[in-house]
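Descriptive analysis of the structure
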Protein chains: 2
Amino acid sequence: METKEARLAAIPKAILFEEEGDRFYILDQTRLPTEEVIEEQTNVEQVYDSIYQLKVRGAPAIGIAGAYGLLISLRDAVSMPRDDFVALARKNAEYLNSSRPTAVNLSWALNRMLTIVDAFPAEGSAQELYDLLRAEAIAIHQSDIATCRLIGEHGATLIDEGSGVMTLCNAGALATGGIGTALAPMYVAWADGKRFKAYSNETRPLLQGARITSWELHHFGVDVTLIVDSVASYLMKLGKVDLIIVGADRVAANGDTANKIGTSSLAINAKHYGVPFYIACPYSTIDPSSKSGADIVVEERGPEEVIYIKGQQIAPADVKVFNPAFDVTDHELIAGFITEKGIIRPPYDFAN
Amino acid sequence: METKEARLAAIPKAILFEEEGDRFYILDQTRLPTEEVIEEQTNVEQVYDSIYQLKVRGAPAIGIAGAYGLLISLRDAVSMPRDDFVALARKNAEYLNSSRPTAVNLSWALNRMLTIVDAFPAEGSAQELYDLLRAEAIAIHQSDIATCRLIGEHGATLIDEGSGVMTLCNAGALATGGIGTALAPMYVAWADGKRFKAYSNETRPLLQGARITSWELHHFGVDVTLIVDSVASYLMKLGKVDLIIVGADRVAANGDTANKIGTSSLAINAKHYGVPFYIACPYSTIDPSSKSGADIVVEERGPEEVIYIKGQQIAPADVKVFNPAFDVTDHELIAGFITEKGIIRPPYDFAN
């Protein structure tokens, strides 16, 4: 009989690292859902492009890709003089960091790698430094795998046999190095043998729920149903939703949560219909320096994401568009935060 | 100085009838928003196809197109013997009615035309019957124009200078023979010189808000901003929405209202943020035989409307989809019904 671990191993992966030969692969997410292409990354320019073009996306996954990307850019340089090797490492890290300048996890992971470089003794060899960087990249990846799994185990306790579980956007395996954040509880519950119905909001404008979440859950075998975003409320009215779990981009000290646009509408509908609404995120997503949602600046993006879908024009080319990427959900609408340290219940006080 | 009537005359029209020569034209809505093509309808097969292919859509507009379509199919037959003319009229009416069998307004308009045929005296000529049918088709059209205008005048009293007014889907000029239902108050207020901001929800899956509403408001000159559906709640949070007006497909005796999917989510968010939420509809949309929303059957449509957008695949081809075309908004969430008879306030009792 297949073990739980074997079942979980079948979840699609954004990032693969082969320890034999230090080979680094990504799943090209721009080709989903129509093509499943795993692309080896062999040089630093390619990794830059993969991050820039969103072939790899999701904050944790980008950080891990940055670390492995730096590593493989040094793989063939271990015979260099030590100082040349160090200079190359710094140059490549800076280059990779510019692929998505606002991605906090990317600079965080690259800084972890550079800390190794900075602390490396002058008498060490390039090969020795490479081995330390290799261990650090793997540690960054493994730590994310462990965090996702813990979020999954804690969150799975909320999922009942025969229930309906809804999510938005993609806080899934393909956004992380592991089994995801918001989707991790679904994967663990399913691997534990629980059967339930998952509902994936398509998540306009960029359709991550349609393109990625419904693909990865469907690929794994979870019973997932795709809906347009405005169906979520009606599904709750029909009594088909028992639990909502979404991810987070940033959590303020009082629990107010910035996440993909549409999150706060889901939470308001959930309150109206009495459906518990949870945020799943690593503890590192909590930003005590933001006191409340009022301190979080919401990114506005261009009109073309709304007016064109896969190159097809769906609205007047010159119409005004308001296209905020995120919204902020009031902490009073959130039943709990599912983290690697357990489920945190209100009242929230993340200041300390 | 341009008069209010002159301003209102510039609103795009779904249907045009030239009394000189009895020529019937439609705006081909399938080509919007990229092309503005007015197509003369010259025979009954063409009118059938125009209705079937949704070149003309929206319940009132389809009814009017059916009436004019029947009329022009008889235009060159007035020299026929009277009985042959009557037989042709019945045959063409039956054929046109089959273009969208579930469209109540289409059969209603064609039945009004056939009532003229049935009551026509045996001694009358084909030309005399044609003239009566012509008057009836024009009356159906003019009555809709008058209804829309009255809805607009009543609803415009709710729109304040400098306010924000939101709508969903297209209950606009292009859905009617006149200036629309939900959009009529915006057109009248704008023609009266009030300046405000209109917000159009794109309305997935079929994007009527993006393709049609934002096009017609923008074309007329109303300051309209397009949003994806899940931005509506965030706009309310930002305090930018003072009023929401949407159309209706059917209103039950207690005021529960079936309308495009997404309507009830808007209404729930409106309640949360204290934004007044109105339905604009002709009195004929009220169905006293439905006691409440529980009596209204919601049409479910196929998965392809969600999985493909203009032929582009955005989700796994074989993923499950739940695609209800409508939802039902609880009467307690509705601040009023804007009708040709005035604004009806709660408590609602349409049973009598």
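As a reminder, the structure under discussion sits directly above these lines.
What comes next concerns the included structure. (Residues numbered from 1 in each chain as written. Chains lettered and ligands numbered in written order. Predicted model: local features only at pLDDT ≥ 70, side-chain atom pairs only at ≥ 80, totals over all residues. Heavy atoms only, no water.)

1. Some remarks on the relation of the copies chain B and chain A
Two copies of one chain are present, and they are related through a rotation about an axis combined with an axial shift. You can overlay chain B on chain A at an RMSD of 0.0 Å; the transform is a turn of 180° with a shift of 0.0 Å along its axis. Overall, the copies show the geometry of a two-fold rotation axis. (Least-squares fit on C-alpha atoms with pLDDT ≥ 70 in both.)

2. Re the interface of chain B and chain A
Each partner contributes to the interface: chain B provides 56 residues, whereas chain A provides 54 residues. In total, chain B and chain A occlude about 4600 Å² of area from one another, counting both sides; carbon and sulfur atoms represent 65% of this. Linking chain B to chain A there are four salt bridges. A salt bridge links K320 of chain A to D223 of chain B; the shortest N-O distance between them is 2.6 Å. Applying the counting criterion to the chain B and chain A interface returns 18 residue pairs in polar contact (both at pLDDT 80 or more). If you list the elements that add at least two residues to the side of chain B that touches chain A, you get α8 (208–220), β6 (224–227), α9 (232–237), α10 (263–273), β12 (312–313), β13 (320–321) and β14 (326–329) of chain B. (Contact = heavy atoms within 4.5 Å. Buried area = accessible area lost by both parts, 1.4 Å probe. Salt bridge = Lys/Arg side-chain N within 4 Å of Asp/Glu carboxyl O. Polar contact = N/O pair within 3.5 Å; in protein donor to acceptor, adjacent residues only side chain to side chain. Helix = DSSP H or I, 4+ residues; strand = E, 2+ residues; numbered from the N terminus.)

3. Quick look at unusual backbone geometry
Cis rather than trans, the peptide bond between P346 of chain A and P347 of chain A has omega equal to 0°. In this fold, P347 of chain A is placed in the segment after β17 (342–344). With an omega of 5°, the peptide bond between R204 of chain B and P205 of chain B qualifies as cis. As for its placement among the helices and strands, P205 of chain B is situated in the loop between β5 (197–201) and α8. Phi angles above zero are rare outside glycine, and C169 of chain B is one such case at about 60°. Mapping C169 of chain B onto the fold places it in the loop between β4 (164–168) and α7 (184–191). Of note in this structure, L207 of chain B is not a glycine but carries a positive phi near 60°. Mapped onto the secondary structure, L207 of chain B falls in the loop between β5 and α8.

4. Description of the sheet that holds strand β3 (residues 38–41) of chain B
All names here are of chain B. A sheet is described by the order of its strands in space; here three strands give the open sequence β1-β2-β3, paired in antiparallel fashion. On the outer flanks of this sheet lie β1 (15–18) and β3, each paired with one strand and no other. If you compare each strand with its neighbour and ignore which way they point, the axes differ by 25° on average. Relative to β3, strand β2 (residues 23–27) runs antiparallel, the two being bridged by four bridges. Considered in β3, the bridge of F24 is made with Q41. Of the strands in this sheet, β2 and β3 are in contact with helix α2 (residues 44–52), which crosses β3 at around 140°. (Pairing = 2+ DSSP bridges. Axes fitted to C-alpha atoms, helices over the stretch in contact; angles between N-to-C directions.)

5. Section: helix α4 (residues 82–97) of chain B
All names here are of chain B. Helix length check: α4, at 16 residues, gives a terminal C-alpha distance of 23 Å against a target of 22 Å (1.5 Å per residue), a fit within 8%. Residues of α4 that are buried include every one of R82, F85, V86, L88, A89, N92, A93 and L96, and no others. The arc that holds every buried residue of α4, seen down its axis, measures 160°, which confines them to one face. Away from its buried face by more than 90 degrees, α4 exposes D83, K91 and E94. (Expected span 1.5 Å × (residues − 1). Buried < 20%, exposed > 50% of the residue type's maximum accessible area, 1.4 Å probe, protein only. Arc of directions from axis to C-beta.)

6. Details of the nonpolar core
Grouped together as the largest cluster of nonpolar side chains are 161 residues, with contacts concentrated most on M166 and I244 of chain A together with M166 and I244 of chain B. Residues contacting I244 of chain B, with those up to four places away along its chain left out, are M166, M236, L266, A270, V275, P276, F277 and Y278 of chain B. (Core = buried A, V, L, I, M, F, W, Y, C linked by side-chain atoms within 4.5 Å.)

7. Description of the state of the cysteines
All names here are of chain A. For the structure shown, the criterion picks out zero disulfides over all chains. The cysteine C169 is free of any disulfide, with C281 supplying the nearest cysteine sulfur at 14 Å. On the basis of relative accessible area, C169 is assigned to the buried category, the value being 10%. C281 takes part in no disulfide bond, and the closest cysteine sulfur, belonging to C148, lies 11 Å away. (Disulfide = S-S within 2.5 Å.)

8. Focus on the sheet that holds strand β1 (residues 15–18) of chain A
Residues and elements named next belong to chain A. The strand order β1-β2-β3 describes an open sheet built from three strands, whose pairing is antiparallel. The open sheet has two edge strands, β1 and β3 (38–41), and neither has a second partner. On average, adjacent strands in this sheet sit at an angle of 25° to one another, irrespective of strand direction.

9. Some remarks on the pairing of strand β5 (residues 197–201) of chain A
Residue and element names in this part refer to chain A. Most of β5 sits out of view: four of its five residues are buried. Taken together, the four bridges between strand β4 (residues 164–167) and β5 define a ladder with parallel strand orientation. Paired with M166 across the strands is Y199, a residue of β5. Bridge analysis of β5 against strand β6 (residues 224–227) gives four bridges, and the strand direction is parallel.

10. Remarks on the side chain of T225 of chain A
You can see T225 of chain A is positioned in strand β6. You can call T225 of chain A buried: its relative accessible area is 9%. The residues touching T225 of chain A, leaving out its near neighbours within four places in the chain, are A198, Y199 and S200 of chain A together with K320, V321 and F322 of chain B.

11. Re the packing of α4 of chain B against helix α6 (residues 126–156) of chain B
Residue and element names in this part refer to chain B. The interhelical angle for the contact between α4 and α6, taken along N-to-C directions, is 35°, at an axis separation of 9 Å. Taken together, the residues of α6 that come into contact with α4 (itself represented by R82, F85 and V86) are A126, L129, Y130 and L133. Here the residues of the contact of α4 with α6 are counted per class, giving six nonpolar, no polar and one charged. (Nonpolar A, V, L, I, M, F, W, Y, C, P; charged D, E, K, R; others polar.)

12. Considering helix α3 (residues 59–73) of chain A
A rise of 1.5 Å per residue sets the reference length of α3 of chain A, with its 15 residues, at 21 Å; its end C-alpha atoms lie 21 Å apart and thus fit the reference within 8%. Of all 15 residues in α3 of chain A, 14 are buried, a share of seventy percent or more.

13. What to know about the environment of T147 of chain A
Residues and elements named next belong to chain A. With respect to the element layout, T147 can be found in helix α6 (residues 126–156). Taking the relative accessible area as the measure of exposure, T147 reaches 14% and is therefore buried. C-alpha separation for the pair T147 and V222, spaced 75 residues apart in sequence, amounts to 21 Å.

14. With respect to the pairing of β6 of chain B
Because side chains alternate across β6 of chain B, one face comprises the buried residues V224 and L226 of chain B, and the other comprises T225 and I227 of chain B, equally buried. Read from β5 of chain B through α8 of chain B to β6 of chain B, the crossover connection turns out right-handed. (Right-handed = clockwise from strand over helix to strand, strands pointing away.)

15. A word on the side chain of T203 of chain B
Residues and elements named next belong to chain B. Following the sequence through the fold, T203 ends up in the loop between β5 and α8. T203 gets classed as buried once you look at its relative accessible area, which sits at 1%. A polar atom in the side chain of T203 sits 2.7 Å from the backbone nitrogen of C169. The residues touching T203, leaving out its near neighbours within four places in the chain, are L168, C169, Q208, G209, D229 and K260.

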